[in-house]
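Structural overview for review
Here is what each chain is made of, one letter per residue.
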Amino acid sequence: MIIFTEYRATQNWLMGILAGHGFGGDRLMTMYGGMDTDQREAVKAAFQADPKESPVRILLATDAASEGIDLQNHCHLMIHAEIPWNPNRLEQRNGR
């Protein structure tokens, strides 16, 4: 599952809620603008890996993950926690 947010504050808030309900730990990762390239690639690889190889099944992402990154290998659900003002950004998210 990918959960898109507009803001880091919302992303951090959702991370706390999910972790508090038992969806944290090694199952949950975040992606946001400002991450260094190696860290971003590690998150992408963990989320894209086969579920037998990686426990990461929830990606909390800002629009940084909607810019030219394909994330659909094992993802079957996408949630927009915040809807962007620009409909083109929504389309970019949906294309991931």
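The structure contained in this document is the topic of the report that follows. (Residues numbered from 1 in each chain as written. Predicted model: local features only at pLDDT ≥ 70, side-chain atom pairs only at ≥ 80, totals over all residues. Heavy atoms only, no water.)

A word on the packing of aromatic side chains. Considering all chains together, one arrives at zero aromatic pairs under this definition. In this structure, arginine 8 packs its charged tip against the face of tyrosine 32, placed 3.6 Å from the ring centre. A cation over a ring is seen here: arginine 57 above phenylalanine 47, with NZ or CZ 6.0 Å from the ring centre. (Phe/Tyr/Trp six-rings, centres within 6.5 Å; stacked < 30°, edge-to-face > 60°. Lys NZ or Arg CZ within 6 Å of the ring centre and 35° of its normal.)

On to helix α1 (residues 8-20). Given a rise of 1.5 Å per residue, 13 residues ought to cover 18 Å, and the 18 Å separating the end C-alpha atoms of α1 matches this to within 8%. All of the buried residues in α1 are Thr10, Gln11, Leu14 and Leu18. One face of α1 carries all of its buried residues, which in axial projection span an arc of 100 degrees. For α1, exposure combined with an orientation more than 90 degrees from the buried face picks out Ala9, Trp13 and Gly20. Looking at the buried positions of α1, the neighbouring elements they touch are β1 (2-4), β2 (28-31) and β3 (58-61). (Helix = DSSP H or I, 4+ residues; strand = E, 2+ residues; numbered from the N terminus. Expected span 1.5 Å × (residues − 1). Buried < 20%, exposed > 50% of the residue type's maximum accessible area, 1.4 Å probe, protein only. Arc of directions from axis to C-beta. Contact = heavy atoms within 4.5 Å.)

On to the environment of phenylalanine 47. Along the polypeptide, phenylalanine 47 turns up in helix α2 (residues 37-48). When residues no more than four places from it in sequence are discounted, the contact partners of phenylalanine 47 are Met1, Ile2, Val56, Arg57, Ile58, Leu59, Leu71 and Cys75.

If you trace the four strands from one edge of the open sheet to the other, you get β2-β3-β1-β4, paired in parallel fashion. Every other strand in the sheet has two partners, leaving β2 and β4 (78-80) as the edge strands with one partner each. On average, adjacent strands in this sheet sit at an angle of 20 degrees to one another, irrespective of strand direction. Examined bridge by bridge, β1 and β4 share three bridges and lie parallel to one another. Note on β4: the bridge partner recorded for isoleucine 2 is methionine 78. Packed onto the sheet, α1 meets β1, β2 and β3 and runs at close to 155 degrees relative to β3. Contacts from α2 reach β1, β2 and β3 within the one sheet, and its direction differs from that of β2 by about 135 degrees. (Pairing = 2+ DSSP bridges. Axes fitted to C-alpha atoms, helices over the stretch in contact; angles between N-to-C directions.)

Geometric values such as these leave the question of function open.
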